[in-house]
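# Coordinate analysis (summary)
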Amino acid sequence: MKNVKSKQDLVDIKSNIRLSQFATPLFEFSGACSGCGETPYVKLVSQLFGDRQMVANATGCSSIWGGPAATSPYNVNAEGKGPAWANSLFEDNAEHGLGMHFGQKAIRDRLAALTTDLIASTSNAAVKEAGQAWLDTMADGKANADATKAYVAALEAAGEGKDILAEKEYLAKKSVWIFGGDGWAYDIGFGGVDHVLASGNDINIFVFDTEVYSNTGGQASKASNIGQVAQFAAAGKEVKKKSLAE
């Protein structure tokens, strides 16, 4: 059949949670434990942002089901685009994600400068228009995706901007995510989490709060609730759960 459209071409899949499930998941068939409460959220994030998603992942359960040996649950769409995933340590994963953000920002800032120069020097109206549209949407992930496609097509058709095309994979705005469990976010990596949040940069932090150190056998953590029985808290945890939001 020709010109067959997917459901996500027919409806605004990002208008609400229910319609989002028509989008192709870019996270499937993980090695998570049966009934895992973490992976459904990762699947949803991949449906909404997976085609331009970068993930800094803290060691823990999310690295076990996220990057098992020889396989990967992260996949790509029909255009060959999917999440870029890298694992880091408990103590520096937030900074790792911040580095991802600044790395792609530095490249995009350079591409913006090259685009500004090209617009000023080229006589090609299509390149001027597409380049300006790309500049105008740099901070808007959805709009910038379409503007990037049009800009790349204009450059290739005109045979211009070879230095820009050499790094065309960085033209589209990336959605940077930092994944990790409560052992990382509440405890070992909390300083980094606080630093990233305080920086005010456009970065998303997703905490898989299992309220216990799941990957190392179920010890009490700062996310465990008062009275909760766990390893190292056999009589019930004596202090209340830390309020990460506060």
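Structure: see above.
Residues numbered from 1 in each chain as written. Predicted model: local features only at pLDDT ≥ 70, side-chain atom pairs only at ≥ 80, totals over all residues. Heavy atoms only, no water.

## Concerning unusual backbone geometry
Most peptide bonds take the trans form, and the phi angle of most residues other than glycine is negative. A positive phi angle is found at Glu 211, which is not glycine, with a value near 60°. Looking at where Glu 211 falls in the secondary structure, it is placed in the segment after strand E4 (204–208). The phi dihedral of Phe 232 is positive, around 75°, even though this residue is not glycine. Mapping Phe 232 onto the fold places it in the segment after E4. (Helix = DSSP H or I, 4+ residues; strand = E, 2+ residues; numbered from the N terminus.)

## Description of helix H3 (residues 39–49)
Taken together, the buried positions of H3 are occupied by Thr 39, Val 42, Leu 44, Val 45, Ser 46, Gln 47 and Leu 48. Looking at the packing, one finds that the buried side of H3 touches helix H2 (17–20), strand E1 (53–58), helix H4 (61–66), strand E3 (175–181) and E4. (Buried < 20%, exposed > 50% of the residue type's maximum accessible area, 1.4 Å probe, protein only. Contact = heavy atoms within 4.5 Å.)

## Thoughts on the pattern of salt bridges
If you walk through the whole model with that rule in mind, you get 9 salt bridges. Between Glu 79 and Lys 81 there is a salt bridge, and its shortest N-O distance comes to 3.7 Å. Among the salt bridges present, the one from Asp 109 reaches Lys 105, with a minimum N-O distance of 3.0 Å. Residue Asp 109 and its partner Lys 105 are located together in helix H5 (residues 93–121), separated by 4 residues, close to a single helical turn. Its relative accessible area of 37% is what places Lys 105 among the partly exposed residues. (Salt bridge = Lys/Arg side-chain N within 4 Å of Asp/Glu carboxyl O.)

## So, the packing of aromatic side chains
Applying the stated criterion to the full structure yields 11 aromatic pairs. Of the aromatic side chains, those joined through ring pairs into one cluster are Phe 27, Tyr 41, Phe 49, Trp 65, Tyr 74, Trp 85, Trp 177, Phe 179, Phe 206 and Phe 208. (Phe/Tyr/Trp six-rings, centres within 6.5 Å; stacked < 30°, edge-to-face > 60°.)

## Things to note about the sheet that holds E3
Backbone hydrogen bonds are what pair the strands of a sheet, in a parallel or an antiparallel way. Taken together, 4 strands build an open sheet; the order of strands is E2-E1-E3-E4 and the sheet is parallel. Each edge of the open sheet is held by one strand with a lone partner, namely strand E2 (84–88) and E4. Between one strand and the next, the sheet's axes are offset by a mean angle of 20°, whatever the strand orientation. Along the sheet, H3 makes contact with E1, E3 and E4, crossing E3 at roughly 175°. (Pairing = 2+ DSSP bridges. Axes fitted to C-alpha atoms, helices over the stretch in contact; angles between N-to-C directions.)

## Looking at the layout of surface pockets
Taken as a whole, the second largest pocket holds about 230 Å³ of empty space. Gly 60, Phe 90, Gly 183, Ser 214 and Asn 215 are, among the 20 residues lining the second largest pocket, the residues nearest its centre. For the lining of the second largest pocket, the elements supplying multiple residues, two or more each, are H4, E3 and helix H9 (182–188). Residue contributions to the lining of the second largest pocket peak at 4 residues, all from H9. Classifying every residue of the lining of the second largest pocket gives 8 nonpolar, 10 polar and 2 charged. (1 Å grid on protein atoms, 1.4 Å probe; cavity = no way out; pocket = protein on both sides within 12 Å on 5 of 7 lines; lining within 4 Å. Points joined across faces, edges and corners; volume = space filled by probe spheres on them. Nonpolar A, V, L, I, M, F, W, Y, C, P; charged D, E, K, R; others polar.)

## Some words on the side chain of His 101
With respect to the element layout, His 101 can be found in helix H5. A polar side-chain atom of His 101 sits 3.3 Å from a polar atom in the side chain of Asn 201. (Polar contact = N/O pair within 3.5 Å; in protein donor to acceptor, adjacent residues only side chain to side chain.)

## Examining the packing of H5 against helix H10 (residues 190–199)
Following both chains from N to C, one finds H5 and H10 inclined at 35°, their axes separated by 7 Å at the closest point. Contacts from Ala 94, Glu 95 and Leu 98 in H5 reach Gly 192, Val 193, His 195, Val 196 and Ser 199 in H10. Grouping the amino acids of the contact of H5 with H10 by side-chain chemistry returns 4 nonpolar, 3 polar and 1 charged.

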